[in-house]
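# Close look at the chain arrangement
Residue strings, one per chain:
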Amino acid sequence: MRILITGGNGMLGRELVRALAVSHTLRIADLPETDITQVSDCFAKIRDFRPEVILHAAAATDVDGCESEPDRAFRVNAVGSANVAHAAERLGARLIAFSTDYVFDGTAPRPYHEWDTPAPRTVYGASKLAGEEAIRIHCPNHVILRIAWLYGPGGPSFLHTILGKARHPGPPLRVVNDQWGNPTSTRAVAELVVRLLDQPVAGLFHASCEGEATWFEFARTAIAFVGIQREILPCTTAEFHRPAPRPANSRLEKRRLRLHGFPPMPDWRDELACFLRHYPDL
Ligand SMILES: NC(=O)c1ccc[n+]([C@@H]2O[C@H](COP(=O)([O-])OP(=O)(O)OC[C@H]3O[C@@H](n4cnc5c(N)ncnc54)[C@H](OP(=O)(O)O)[C@@H]3O)[C@@H](O)[C@H]2O)c1
């Protein structure tokens, strides 16, 4: 297949390239050559390459940065996604796009499924939700995958930050222990994308790894796995102020994958172990 990857130089984009390069013809659309906020850039890139599938991973992903620059967040995540979706529809490509757990406010007492009503509390979450809506309006032949707590080779990610800190001597690390989510490898997401290429499904799917953890448990598991001797202590969200509020509950139920007969996503602990075996230096 001819596959265009927006944001192909980013953390997830690089993994998609790794997973697909052998069997498909790929082209990357990323800054500075291609800017998805420019409608003419989008159309030109897609018209020239004529992809059968577009994997849309380009985004403004700095959650705290989005909070202070809402116009930039909405320009990339909402207007940019609308441009990509509009061009995909006009030029006959299937669109597989990536969204986030941050579309939810995190107050539910259980994992969120695809029929739960989003209520973002951050500019990042609101701009990604606006991007989802634009994709639904402009390109019926779409799949939206909501992913969460992502890490992959090269980062940047929470995992990279915490292991970087843990490797340097210092006081005990304090990590938030009252926010729950599903740590998810880019590899697991890319594997699902490979499967989706053969399946004519459409619509919204939650697609994080199985199993749940707090940031503290995620960090402690990773530090133990790489064998670093460093004290790590739990703390609360209130003790760790961030410009953008983080949802207390980011857990995603993969209801639609299950109802469509897909196998479960891999368990986060297995994926983390596999990642740290392959990339001990990240
Ligand atoms: N990382 C997570 O924890 C996480 C969690 C849930 C969902 N997601 C979603 O997963 C997707 C991939 O995330 P990621 O972690 O791979 O992000 P990333 O590493 O920040 O990659 C995004 C890529 O998009 C590029 N980009 C930004 N603005 C652009 C524009 N106007 N035109 C073209 N390209 C542009 C970035 O370039 P620059 O680096 O030059 O800006 C970067 O190469 C995103 O949709 C994100 O919202 C991520």
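Structural notes, computed from the coordinates. Note that the coordinates shown come from a computational prediction; the quantities given were computed from them, not determined experimentally.

### Some details on the site of the ligand
Residues in close proximity to the ligand total 27 residues, the closest being Gly 7, Gly 10, Leu 12, Ala 58 and Leu 150. Residue assignment for the shell around the ligand shows that the elements contributing at least two residues are α1 (11–20), α4 (70–90) and β4 (94–100). Considering every element that reaches the shell around the ligand, the biggest residue donor is α1, with 3 residues. Split into classes, the residues belonging to the shell around the ligand amount to 14 nonpolar, 10 polar and 3 charged.

### Some details on the sheet that holds strand β2 (residues 25–29)
Pairing in this open sheet of 6 strands is parallel, and the strands run β2-β1-β3-β4-β5-β10 from one edge to the other. The open sheet terminates on both sides in strands that have one partner only, identified here as β2 and β10 (203–206). Here the strands of the sheet are splayed against their neighbours by 20° on average, with no regard to which way each runs. Taken together, the 6 bridges between β4 and strand β5 (residues 142–147) define a ladder with parallel strand orientation. Across the sheet, the residue bridging to Ile 96 is Val 143, located in β5. Each of β4 and β5 is contacted by helix α5 (residues 123–138), which is oriented at about 160° to β4, the strand it contacts most.

### What to know about the pairing of strand β1 (residues 2–6)
Of all 5 residues in β1, 4 are buried, a share of seventy percent or more. With respect to chirality, the unit in which β1 leads through α1 into the neighbouring parallel β2 is right-handed. Sheet topology note: the β1/strand β3 (residues 53–56) ladder contains 4 bridges and is parallel. Paired with Ile 3 across the two strands is Val 53, which belongs to β3.

### Describing the packing of α1 against helix α7 (residues 186–196)
Remark: α1 packs on α7, axes separated minimally by 9 Å, with the N-to-C direction vectors making an angle of 50°. If you check the angle between α1 and α7, you find them oblique. Classified by chirality, the crossing of α7 by α1 is right-handed. Counting all contacts with α1, which are made through Met 11, Leu 12, Glu 15, Leu 16, Ala 19 and Leu 20, the residues of α7 involved are Thr 186, Arg 187, Val 189, Ala 190, Val 193 and Val 194.

Reading the values: rules and limits
Residues numbered from 1 in each chain as written. Predicted model: local features only at pLDDT ≥ 70, side-chain atom pairs only at ≥ 80, totals over all residues. Near = placed C-beta within 6 Å. Helix = DSSP H or I, 4+ residues; strand = E, 2+ residues; numbered from the N terminus. Nonpolar A, V, L, I, M, F, W, Y, C, P; charged D, E, K, R; others polar. Pairing = 2+ DSSP bridges. Axes fitted to C-alpha atoms, helices over the stretch in contact; angles between N-to-C directions. Contact = placed C-beta atoms within 7 Å. Buried ≥ 20, exposed ≤ 12 C-beta atoms within 10 Å, placed from the backbone. Right-handed = clockwise from strand over helix to strand, strands pointing away. Parallel < 35°, antiparallel > 145°, perpendicular 65-115°, else oblique. Left-handed = near helix turned anticlockwise from the far one by under 90°.

In short, the description is geometric, and any link to function would need to be established separately.
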